[in-house]
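Structural overview for review
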Amino acid sequence: MSNQPGGYDDCCPVVATSALSAEQAETAARIFKALGDPVRLRLYSMIASAADAICVCDLTGAFELTAPTISHHLKVLREAGLIEGERRGTWIYYRSLPHSVDALARLLDVGALEASVAT
């Protein structure tokens, strides 16, 4: 017999403790849509894993894409509230916004996600 709502056994983690409001769902959907592209997901992971702000010049070299295409993807990530950019001379340096990482962590059970991918 299940102890969790929805009929899940004790082995299945509860992803959310309550339903999302309409505003929370809009925010989450915008973030998921931004991260739903493989290039943007890689860009975000490069930016979020950097110890400090990372130059766009270091990001473009990792892809076989034009600079305008990379700029477009970075714009989508900025508009989703995942990253911010700071101009330093002719270059823009990007960093992830801490609240975006926290929001993603609250929405996802990363341990369960990693376990399902590994099997």
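Below: a short report on this structure. Given the structure is predicted, the values throughout are model-derived calculations rather than measurements. (Residues numbered from 1 in each chain as written. Predicted model: local features only at pLDDT ≥ 70, side-chain atom pairs only at ≥ 80, totals over all residues. Heavy atoms only, no water.)

**A look at the overall build of the protein**
Basically, it comes down to this: Secondary structure counts use DSSP, requiring at least four H or I residues in a row for a helix and at least two E residues in a row for a strand, with both numbered from the N terminus. Per-residue accessibility, obtained with a 1.4 Å probe over protein chains only, is compared with the maximum for each type, and a residue is labelled buried under 20%, exposed over 50%, and partly exposed between these values. Any two residues having at least one pair of non-hydrogen atoms within 4.5 Å are treated as being in contact. All accessible areas in this document rest on Shrake-Rupley with a 1.4 Å probe, and a residue is counted as covered only by the protein chains that are shown.
Secondary structure summary: the protein contains 6 helices and 3 strands in total. Among the 119 residues that make up the protein, the fraction classed as buried is 24%. Here the contacts in the protein between residues at least 6 apart in sequence split such that 53% fall between residues at least 24 apart. When the accessible surface of the protein is totalled, it reaches about 8000 Å², and 57% of it is carbon and sulfur.

**What about the nonpolar core?**
Quick note on the threshold: Here the nonpolar core consists of buried residues drawn from Ala, Val, Leu, Ile, Met, Phe, Trp, Tyr and Cys, with membership extended through side-chain atoms lying within 4.5 Å.
Ranked by size, the top nonpolar core spans 19 residues in total, and within it Leu43, Leu74, Leu77, Leu82 and Ile83 carry the most contacts. Elements that contribute at least two residues to this core include exactly α1 (22–35), α2 (38–49), α3 (56–60) and α4 (67–79). Tallying contributions element by element places α2 first for this core, with 4 residues. Beyond its immediate sequence surroundings of up to four residues, Leu77 is in contact with Ala34, Leu35, Arg40, Leu43, Tyr44, Leu82 and Ile83.

**Considering the side chain of His73**
Using the following cut-off: Polar contacts, as counted here, are pairs of nitrogen or oxygen atoms within 3.5 Å of one another; within protein the pair requires one atom able to donate a hydrogen and one able to accept it, and residues that are adjacent in sequence qualify only if both atoms are side-chain atoms.
Locating His73 in the fold gives a position in helix α4. Within polar-contact distance, the side chain of His73 engages the side chain of Arg40 at 3.1 Å.

**Observations regarding the packing of aromatic side chains**
In this description, a pair of aromatic rings is defined by centroid distance and the angle of the planes. Cut-off, in case you're wondering: Aromatic pairing here means that ring centres of Phe, Tyr or Trp (its six-membered ring) are within 6.5 Å. Orientation follows from the plane angle: under 30 degrees is stacked, over 60 is edge-to-face, and everything else is tilted. We count a charge as sitting over a ring when the NZ of a lysine or the CZ of an arginine lies within 6 Å of the ring centre and within 35 degrees of the ring normal.
Counted by the stated rule, this structure contains 0 aromatic pairs. Here the guanidinium or amino end of Arg88 rests over the ring plane of Tyr93, the centre of that ring lying 4.3 Å away.

**Re the pattern of salt bridges**
Pairing between side chains of opposite charge can happen when their charged atoms approach one another. As a reminder of what qualifies: By salt bridge we mean one thing: a side-chain nitrogen of Lys or Arg within 4 Å of a carboxyl oxygen of Asp or Glu.
Per the counting criterion, the structure on display carries 5 salt bridges. Among the salt bridges present, the one from Glu86 reaches Arg88, with a minimum N-O distance of 3.6 Å. Looking at Arg88, the relative accessible area reads 34%, which means it is partly exposed. A relative accessible area of 36% places Glu86 in the partly exposed class. Beyond isolated ion pairs, a larger network of salt bridges with shared partners links Asp52, Glu84, Glu86, Arg88 and Arg95.

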